Each structure stands twice: as structure tokens, then as C-alpha cells.
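Geometric and topological summary
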Amino acid sequence: MEDKIRNIQTQYLNKINQAKSLKELDGIFLQLFGKNGALDLLPKEFSKLSSEERRKVGPLFNQVKQDLEKAINDKRGVIREETYQKLADEKLTFQPLGLEARKRTGHLHPVTQLLNETLDLFSKLGFERFDAPHIDTDEYNFELLNIPEGHPARDLWDTLYINSKIKNQKSKLLLRTHTSNGQVRAMRQLKPPMRVMIIDRCFRYENLDARHEHTLEQFEIVYIDKGVSMANLQYLSEYFFQGILGKDIKARLRPKYYPFVEPGAGVDGLCIFCKGKGCNVCGGTGWLELAGAGMIHPQVLKNGGIDPKEYSGIAWGVGPERMAMLKYGVEDIRLFKSGDLKFLEKY
Ligand SMILES: [Zn+2]
């Protein structure tokens, strides 16, 4: 038995010394220590030995086992060192591939392009940008806009509320559902006459599909002055549609309920595909609903510190993504935020 152990020792020490790669060493390790490996099988024969022999063989076996394991580890270190040395000695030279990399230039996202066009159009009429926070209070997003807690109109917006632990925070925090959270803020900061544009992201707890996204852009104007009327609303809607979609797009107002305006209006544009004749996209009506608007509710003006007997105002909002879908003929709203370069490169 002793000879057998010494044989294994000599045989494998040789193999280890001659090994040239880490992979080869792994193989040797398995031959020795793996299941049914040389050192795995041997102890099974110890039961046949006399106890005297076992007392000799046991320590020898353990010693050889340790020696072989150490030899493998040492050799691993040597091979690694040699590999590093080779790499260090290697001189890297880069050969030109003879291929020219495809030239690519970036450009603005289609929705950003549309937003910029929109900002341009209304800047020309003296509107100025006004920013409102993305995370806001229930007060600015709903209550001051004539939508108190429990009001059925709240169901119009699927809202994402925030669990906040801010002390003395009376009004609940939420992700703003519309840019209208800037209306009363603007009224309180600026005095009429005022023309402001509120623009940027809004958030809804939506089921996503081809026409709904949880994060969406909104563009809204608030125009307050003496004698502002629905006629201004009609004019501004047409001005915008024609600026973005083409000179022949007319606008029409339909009664529509929004709690912060009275009267409220759905603003339709003449269908850009059939120009009013009726097609699949407009459901045969010849018109597409493009914006929501109305005369600012007297209570909302009061909340903003403005006397509704002296001033009147309009609020008018549009979804830039929806406008971009129409302008560029995009069928799925989710493509805009997909990050898909093949899609984005087209615009
Ligand atoms: Zn149509």
C-alpha cells in the first residue's frame, strides 16, 4: 500500500511539473481529487489493512495528499506569472482595418422637435415659459383647481400618490397628473395680464397600450386678461394646428367637461388624413380630438388671487406626443420612449 501511495505521488508530481496550462492543471486536480480520482478511491482499500499497517499508511496518505495539492497550487501560480509576463512583453500594434466607421450624427427627439416648434409658435404671441414641479401637492394638482377630495372628477386622472413622511405636510404628495398644477402657482406669482406656457412631463397610473403611456408630455397655455373669451380660444387653437400640421387644418370647439374651466371645450382639428371627408383614423367624422380647453373657472381665478369680475382667462392644453403621432404618422405612442434608434433615425 505504501508503494502504491508513493507511486501516485511520483507519477502525479511529474505530470504537475510538465503541465503547461491552467486547464491542464484542472484536469490533473480532478484525476486526483475528483469523484473516483486516484486519491478518492485509495482510502476505500484501507479497510483491508491490519490496524498496524493502517497506522503507518494513514499519515503517509495525508502527507502525500497535502503535498500534491500544494504542488498544483504552486504550479498554478507559476503558470499565471508566466502568462502575465508574456502579456507585458507583448507589443500592441493597431492596424487600421481599412473600413471607415459609419458616420452618425445625433438629432433632437421627434417629441422635443415638436415641443420646440410649439414653444416657438406661442413665444411669437408673447407667451412665456413657466415651470411647475413634477412632484407636487394634492392642493395644487387638484384642490385649488376646483377638484376637492372625493370629487367624482378625480376619476378622470389615475393618480400616482407618494407615501411621504415629511412633518407638517398637510397636503398629500403626488406625481403631477397634468401641467395644470402650474395654473394657480402662475396666477399667484405673476399678476394679470399674463400669458404663460407650462410644459413638461406628467404622470398617470395607466394601463399601457398603443395610445397610453405612464409618463407623458403636456403643453398648456394660460392666458388671462380683460375681455378674454372663447373667440380667443378658437383663434389660438387654429393658430397652433396650422403651425404644426398645415395651413388647411381648421379647429372646432365642442362642449366638454373639465372641473377647472367653465365652459369647457374639447378642441377638434380637421382630420389631417382625409381633410374632413371621413376616414378610418377619424372614425368617419372628419375631425380628430387634439386638445382640451376652456374659460378658467371663476373659483380657480379667485384661488389664484385674481378677481373674476375684472379678468377672464383661458386654459388650453395639448399632448405633444399625440400631435407628434399625427404629424409623423406614428401608430404606437410607446415607440417615442423605446430608445429604438431605427425608429428615431427616421425623424
Ligand atoms: Zn379622417
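Look a little higher up for the structure.
Residues numbered from 1 in each chain as written. Predicted model: local features only at pLDDT ≥ 70, side-chain atom pairs only at ≥ 80, totals over all residues. Heavy atoms only, no water.

1. Focus: the sheet that holds strand β10 (residues 312-318)
Applied cut-off: The criterion for strand pairing is that DSSP finds at least two bridges linking the strands in question. Numbered from the N terminus, helices here are DSSP runs of H or I no shorter than four residues, and strands are runs of E no shorter than two. Contact definition: two residues touch when any of their heavy atoms are within 4.5 Å. Helix axes are fitted to C-alpha atoms over the stretch in contact, other axes to C-alpha atoms as well, and angles between N-to-C directions run from 0 to 180 degrees.
The sheet built from 7 strands is open, its strands ordered β1-β5-β6-β10-β9-β8-β7 with mixed pairing. This sheet does not close on itself; its edge strands, each paired only once, are β1 (128-129) and β7 (251-255). Two elements, β7 and strand β8 (residues 261-270), share 5 bridges in a ladder whose sense is antiparallel. The residue of β8 that forms the bridge with A251 is G269. Across the sheet, helix α5 (residues 110-123) is in contact with β1, β5 (194-203), β6 (215-225) and β10; its angle to β6 comes to roughly 5 degrees.

2. Considerations on the packing of aromatic side chains
Test applied: The aromatic pairing rule takes the rings of Phe, Tyr and Trp, using the six-membered ring of Trp, and pairs them if the centres are within 6.5 Å, calling planes under 30 degrees apart stacked, those over 60 edge-to-face and the rest tilted. Counting as a charge over the ring demands two things of the Lys NZ or Arg CZ atom: a distance within 6 Å of the ring centre and an angle within 35 degrees of the ring normal.
One pass over the structure, following the stated rule, counts 15 aromatic pairs. Pairwise contacts between aromatic rings join F122, F127, F219, Y223, Y235, Y239, F240, F241 and W316 into one cluster. The ring of F29 is capped by R76, whose NZ or CZ atom sits 5.9 Å from the centre of that ring. The ring of Y140 carries R185 above its face, with NZ or CZ at 3.9 Å from the centroid.

3. Some points on the nonpolar core
Note the threshold: In plain words, nonpolar cores are sets of buried Ala, Val, Leu, Ile, Met, Phe, Trp, Tyr and Cys residues tied together by side-chain atoms within 4.5 Å. Note on exposure labels: buried denotes an accessible area under 20% of the residue type's maximum, exposed denotes more than 50%, and partly exposed covers the range between, all computed with a 1.4 Å probe on protein chains only.
With 46 residues, the main nonpolar core has F122, F219, F240, F241, W316 and M323 as its most contacted residues. Top element by residues in this core is helix α8 (residues 230-245). It accounts for 7 residues. The contacts of F240, once residues within four sequence positions are left out, are T118, L121, F122, W316, V318 and M323. Core analysis: the next-biggest nonpolar cluster, separate from the first, contains 27 residues, F130, L174, A186 and A315 among them.

4. Description of the coordination of the zinc ion
Quick note on the threshold: Coordination shells were defined by N, O and S atoms within 2.8 Å of each metal, extended to 3.2 Å for Na, K and Ca; water is absent from the atom set, which can make sites look incomplete. By the criteria applied here, four donors are tetrahedral when all angles lie between 85 and 135 degrees, four are square planar and six octahedral when opposite donors are over 155 degrees apart and every other angle lies between 65 and 115, and any other arrangement is irregular.
Surrounding the zinc ion are the protein donor atoms C271 (SG), C274 (SG), C279 (SG) and C282 (SG), at 2.2 to 2.3 Å. Given 4 donor atoms and angles of 105 to 115 degrees at the metal, the environment of the zinc ion is assigned as tetrahedral. Taken in chain order, the donor set of the zinc ion reads C-x2-C-x4-C-x2-C. Taken together, the positions of C271 in the loop between β8 and β9 (287-296) and C282 in the loop between β8 and β9 put the pair 11 residues apart, joining distant regions of the chain. According to the relative accessible area criterion, C271 is buried, its value standing at 0%. The class for C282 is buried, based on a relative accessible area of 7%.

5. Quick word on the packing of helix α2 (residues 22-33) against helix α4 (residues 51-89)
A pair of packed helices is captured by two measures, namely the crossing angle of their axes and the spacing between those axes. Let me state the cut-off plainly: Put simply, angles under 35 degrees are roughly parallel, angles over 145 are roughly antiparallel, angles from 65 to 115 are roughly perpendicular, and the rest are oblique. In this classification, Asp, Glu, Lys and Arg are treated as charged, Ala, Val, Leu, Ile, Met, Phe, Trp, Tyr, Cys and Pro as nonpolar, and every other residue, Gly included, as polar.
The interhelical angle for the contact between α2 and α4, taken along N-to-C directions, is 170 degrees, at an axis separation of 10 Å. Considering the angle they form, α2 stands roughly antiparallel to α4. Residues L22, L25, D26, I28, F29, L32 and F33 of α2 form the contact with α4, whose own contacting residues are K65, L68, E69, I72, K75, R76, I79 and R80. A class-by-class count of the residues in the contact of α2 with α4 yields 9 nonpolar, no polar and 6 charged.

Function cannot be inferred from these measures alone, as they are strictly geometric.
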